[in-house]
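Read off the chains here:
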Amino acid sequence: MTSAPDRKMSISERAMAAAQRPGEAFAGTAGDDAPYLEGLNEEQRAAVLATEGPVLMLAGAGTGKTRALTTRLAHLLNTGRAQPWQILAVTFTNKAAREMKERIEALVGAHVEGMKWLGTFHSIGAQILRRHAELVGLKSSFTILDADDQTRLAKQVIEAADLDVKRWTGRGLAFVIDGWKNRGLTPEKVPENEAWHFADGRGISLYKAYQARLTTLNAADFGDLLVHNLTIFQNHPDVLEEYQRRFKYMLVDEYQDTNVAQYLWLRLLAQKHKNICCVGDDDQSIYGWRGAEVENILRFEKDFPGATVIRLERNYRSTPSILGAASGLIASNADRLGKTLWTELEEGEKVKVRGVWDGEEEARLIGDDIEAEQMKGRSLSDMAVLVRASFQMRAFEERFNTLGLGYKVVGGPRFYEREESRDALAYLRLIRSPDDDLAFDRIVNKPKRGLGDKALQTLHKIARANDMPLMAASRLALEGDDLAKAARRSLLNFVDTIDRWARDAKDMAPADLAELVLEESGYIEMWKNSKSPQAGGKLDNLKELIQAVSEFDTLEAYLDHVALVSELSESSADGQVWLMTLHAAKGLEFPVVFLPGWEEEIFPSKRSLDENGNAALEEERRLAYVGITRAEESCRISFAANRQVYGRWQAAIPSRFIDELPEEHVEVVSEPGLYGNAASDLASHSAFEGMKLKDDAYYDNPGWRRARAAASSRRAAEPPLIEGRGSTVSVSAPGKSKYKKGQRVFHQKFGYGKISSVEGQKLTVDFEHSGPKKVIDTFVEAA
DNA sequence: CATCCACACCTTTTT
DNA sequence: GGTGTGGATG
């Protein structure tokens, strides 16, 4: 059980925490009746007490997973089974790591400080790599590259290989390399036949070149943090053994999201003590696109014979309606371990499904709902709007702004991805690691120092000829006479200044250094003189950045933090509605949850389906499951008939996921006639009988009347149910269309077109002006 | 070196 | 629809 970012511990948890005076807890008397075990259910308790040997904890949504998990850690510490630094606890996200830390702290107090090995895979991987960097040809001061740096570097590699940069993008190469790294593959280990994944068979050699560049730059990308670990463990058994011995107990959260590299890493480390506890929920695996392998969790028992499997199925979060809807939906997935969530909570309101005319109306109605809830005394921070993709957020932000509703976007544009942040960081990076060419390139002439293209080209040439970093090449260039006089003076000044800062850095607080650098470099001056309207904001951000640095003791710690965390700490928000993607919402819960945009092509995402077919569809469905199960009391799904994408109007049809919701847990509040006979058919359904037709004055326009007319002319034509599991909601109504392939039709928004295929009531029409689109037949008329 | 314009790409999700 | 990049131009 986890909670919204700003939610406090429950009262019982606080009581437990208070009862647990840190010092006394370590007296060693804690046994099976320790106070912190109170209030756990049988399965949770089993998960805490099964300390020895491999354990797989299958924890459904809202079943008190985090509580079981943190109690387990507290138990290990309290019973003296392990010292804080002998426990490896890995999570997938920084948010999860932070939360776990806080909750353990509440249980065992300051002892959490000793838990040096609690963190994300990447941060722990980085820690280990710093200690043994030289074993893979790096210095321990190596820079961690973010996605942007990675792409630039990949692009440089492609350019150096004389390939067409238009055809083979840096992003593309970075993507392929990432895929290999996710599977734990160094260039040597990539199967030959996969060279074709990029640039007509040159994939592997480009990967090699890319790695060589990284070594020269003394840098590691995200994937390297783990792959280098694997290389070190495999080539240096003594190092591996050191860690195997150290980690007496291991704990892995969100195991369903681990990729192959992470899996190998865990397996190597667990070999000695085998006390590994993996927690996960196969139904919440939503990171397949990033290399996560659900198989890892599905085959745990094979990997660790004799594993104890514990299922947490009692849900403390949601009402039976919400659970029922979610369970019914996820039942359509074939590839799952399967579990049955149950709850003792009261029935509560049904999951509401609402169809609306367009995205604007959707945002307006959700805004209204939020205000209505607020009137009833509900706090804004108890409500969340969860979207599939971030571009969907804009409609809501605009609406909330007009209403004056406070909202908080989680995971929006990232602070450290902004231009000024990256520039400032580049200065700091170059000071710490002079080999960091990406940083050098970024700031050598920013602000302008008269080191233009000409000078830079010369430097790059020298660097390439001698296979050295740009900083070293600069020194060399200053000895030779390849540079123009002005450039030479300027470069000398630049190099000297960097050197001086590097000396200063040794005995200076990092925040002071940052301030000094930004001032002396003229960087702040540059923005002050800028006429750009954003300059003010940028200066503010720079101040904020310096403020952030001041929370760290060393420059290193700060730079690592930035690379691995990439967000400023979330300030808690009362009086603000949450707005975030479904991915960002995993692990959170809210009394009221809005799930807009449930339309084919958006959710499930077309792009995802195009790339990965059925596997992707199942992942999208799990994402829907995650969304619904975030809700405690009220869950409101909506879809629009029309939506603007890229500024073009698109007809949309309701998501197949809506059809898959079990009818008995759902209440449909679609505007009547919206989907032609679909909605009216629903009205004839037992569950929806007597549904009041709303006054439709609002919809009194020609297009609408046409749609209505078409709808009523075919009322009760076809049964609305998709066959299969008896009672499911059907909104997209696969009835039979009166239109035929090849027929010419007119559509209110798209104009004239010819039908290219008919599938139930869904037509694919080749419109003369807007190209092929899928539309519901009630929206067109014969032309 | 600054500014303009054409164009491509975008709208999946993140360490 | 907006934004960001890269090339051409003054």
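Note that the structure is predicted; figures quoted are calculated from it, not measured.

What follows concerns the pairing of strand S1 (residues 55-59). Counting buried positions along S1 yields 5 of 5 residues, so the element is predominantly enclosed. Along S1, one buried face is formed by Val-55, Met-57 and Ala-59 and the opposite face, lined by Leu-56 and Leu-58, is buried too. In this structure, S1 lies alongside strand S8 (residues 308-312), joined through 5 bridges in parallel fashion. Looking at S8, one finds that Leu-56 is bridged to Val-309. With 4 bridges joining them, S1 and strand S7 (residues 276-280) adopt parallel strand pairing. By the bridge assignment for S7, Leu-58 is matched with Gly-280.

Look at helix H5 (residues 94-108): 21 Å from first C-alpha to last across 15 residues, which is about the 21 Å you get at 1.5 Å a residue. Of the positions making up H5, those classed as buried are Ala-96, Ala-97, Glu-99, Met-100, Arg-103, Ile-104, Leu-107 and Val-108. End-on view of H5: buried residues confined to an arc of 165°, all on one side of the axis. Phi for Gly-109, located one or two positions after H5, is positive at around 65°.

It is worth spelling out the nonpolar core at this point. Among the nonpolar cores identified, the biggest contains 88 residues, and Trp-265, Ile-628 and Ile-637 are the most heavily contacted of them. No other element matches helix H28 (residues 606-628), which puts 8 residues into this core. Split by domain, the residues of this core number at least three in each of domain 1 (39-137 + 224-312) and domain 3 (342-414 + 570-676). With sequence-adjacent residues up to four places away left out, Ile-637 is seen in contact with Val-351, Lys-352, Val-353, Arg-354, Leu-595, Trp-598, Ile-628, Ile-658 and Leu-661. In this structure, Leu-425, Leu-451, Ile-462 and Leu-513 belong to the second largest nonpolar core, which totals 52 residues.

Now for the UniProt feature "binding site: ATP" (unreviewed entry) in chain A. Sites flagged by UniProt as "binding site: ATP" (unreviewed entry) map to Ala-59, Gly-60, Ala-61, Gly-62, Thr-63, Gly-64, Lys-65 and Thr-66. Examined against the element boundaries, Gly-60 turns out to sit in the loop between S1 and helix H4 (65-78). Assessed through its relative accessible area of 4%, Gly-60 is described here as buried. Beyond its immediate chain neighbours, meaning those up to four positions away, Gly-60 contacts Asp-281, Gln-284, Leu-312, Lys-339 and Leu-341. By relative accessible area, Gly-64 is classed as buried at 2%.

Attention now goes to helix H11 (residues 237-246). For the α-helix, the turn length of 3.6 residues means that residues three or four positions removed from each other point alike. Turning to H11, its buried residues number three or more, namely Val-239, Leu-240, Tyr-243 and Gln-244. Buried residues along H11 cover an arc of 135° about the axis, so they all sit on one side. Every exposed residue of H11 that faces more than 90 degrees away from the buried side is listed here: Pro-237 and Asp-238. Contacts from the buried residues of H11 go to helix H6 (121-132), helix H10 (222-235) and helix H12 (260-270).

Residues in close proximity to DNA strand B total 21 residues, the closest being Trp-289, Arg-290, Arg-388, Ser-390 and Arg-607. When the atoms of DNA strand B within 4 Å of the protein are sorted by group, sugar and phosphate make up 54%. Here a base oxygen of DNA strand B and a side-chain polar atom of His-122 are 3.3 Å apart. His-583 places a side-chain nitrogen or oxygen 3.4 Å from a base oxygen of DNA strand B. Of all the elements, H28 adds the most residues to the surface near DNA strand B, at 3 residues. When its residues are assigned to classes, the surface near DNA strand B shows 8 nonpolar, 6 polar and 7 charged.

It is worth spelling out the sheet that holds strand S3 (residues 118-120) at this point. Picture the strands of a sheet paired through backbone hydrogen bonds; they go either parallel or antiparallel. Pairing in this open sheet of 6 strands is parallel, and the strands run S3-S2-S6-S7-S1-S8 from one edge to the other. At either margin of the open sheet sits one strand with a lone partner, and together these are S3 and S8. Taking each pair of neighbouring strands and ignoring which way they run, the sheet shows an average axis angle of 15°. Relative to strand S6 (residues 249-252), strand S2 (residues 87-91) runs parallel, the two being bridged by 4 bridges. Within S6, the position partnered with Ile-87 by the bridge is Tyr-249. Contacting S2, S3 and S6, H5 crosses the sheet at an angle of about 165° to S3.

So, on to the state of the cysteines. Between two cysteines, a covalent bond joining their sulfur atoms is known as a disulfide. What the rule picks out here adds up to 0 disulfides. Cysteine Cys-277 is unpaired, with the sulfur of Cys-278 as its nearest cysteine sulfur at 6.8 Å.

Taken together, Lys-155, Tyr-646 and Gly-647 form the complete shell of residues around DNA strand C. One nitrogen or oxygen atom from the side chain of Lys-155 is found 2.8 Å from a phosphate oxygen belonging to DNA strand C.

Glancing now at the environment of Ser-205. The topology assignment puts Ser-205 in helix H9 (residues 203-216). For Ser-205, a relative accessible area of 42% translates into the label partly exposed. Separated by 133 residues in the primary sequence, Ser-205 and Arg-72 place their C-alpha atoms 47 Å from one another.

Turning next to the pairing of S2. Across the 5 residues that make up S2, a large majority, 5, are buried. Looking at chain direction, S2 and S3 are connected through 3 bridges and run parallel. Bridging across to S3, Thr-91 finds its partner in Thr-120. Between the parallel pair S2 and S3, the chain is carried across by H5, and the sense of this crossover is right-handed.

What follows concerns unusual backbone geometry. The peptide bond linking Lys-446 to Pro-447 adopts the cis configuration, its omega dihedral lying at 5°. Here Pro-447 lies in the loop between helix H19 (437-443) and helix H20 (453-466). Along the chain, Phe-603 connects to Pro-604 via a cis peptide bond; the corresponding omega equals 10°. Position of Pro-604 among the secondary structure elements: in the loop between strand S13 (590-595) and H28. Of note in the backbone geometry, Asn-218 takes a positive phi value of approximately 55° without being a glycine.

All chains considered together, the criterion is met by 21 aromatic pairs. Here Trp-180 and Tyr-207 contribute two aromatic rings whose centre-to-centre distance is 5.5 Å and whose plane-to-plane angle is 15°, an arrangement assigned as stacked. Pair noted here: Trp-180 is in helix H8 (residues 170-182) and Tyr-207 is in helix H9, with a separation of 27 residues, a long-range link. Its relative accessible area of 1% is what places Tyr-207 among the buried residues.

Conventions used here
- Residues numbered from 1 in each chain as written.
- Chains lettered and ligands numbered in written order.
- Predicted model: local features only at pLDDT ≥ 70, side-chain atom pairs only at ≥ 80, totals over all residues.
- Heavy atoms only, no water.
- Buried < 20%, exposed > 50% of the residue type's maximum accessible area, 1.4 Å probe, protein only.
- Helix = DSSP H or I, 4+ residues; strand = E, 2+ residues; numbered from the N terminus.
- Pairing = 2+ DSSP bridges.
- Expected span 1.5 Å × (residues − 1).
- Arc of directions from axis to C-beta.
- Core = buried A, V, L, I, M, F, W, Y, C linked by side-chain atoms within 4.5 Å.
- Domains from an automatic or database assignment.
- Contact = heavy atoms within 4.5 Å.
- UniProt positions renumbered as here; feature names shortened; annotations may be inferred.
- Near = heavy atom within 4 Å.
- Polar contact = N/O pair within 3.5 Å; in protein donor to acceptor, adjacent residues only side chain to side chain.
- Nonpolar A, V, L, I, M, F, W, Y, C, P; charged D, E, K, R; others polar.
- Axes fitted to C-alpha atoms, helices over the stretch in contact; angles between N-to-C directions.
- Disulfide = S-S within 2.5 Å.
- Right-handed = clockwise from strand over helix to strand, strands pointing away.
- Phe/Tyr/Trp six-rings, centres within 6.5 Å; stacked < 30°, edge-to-face > 60°.

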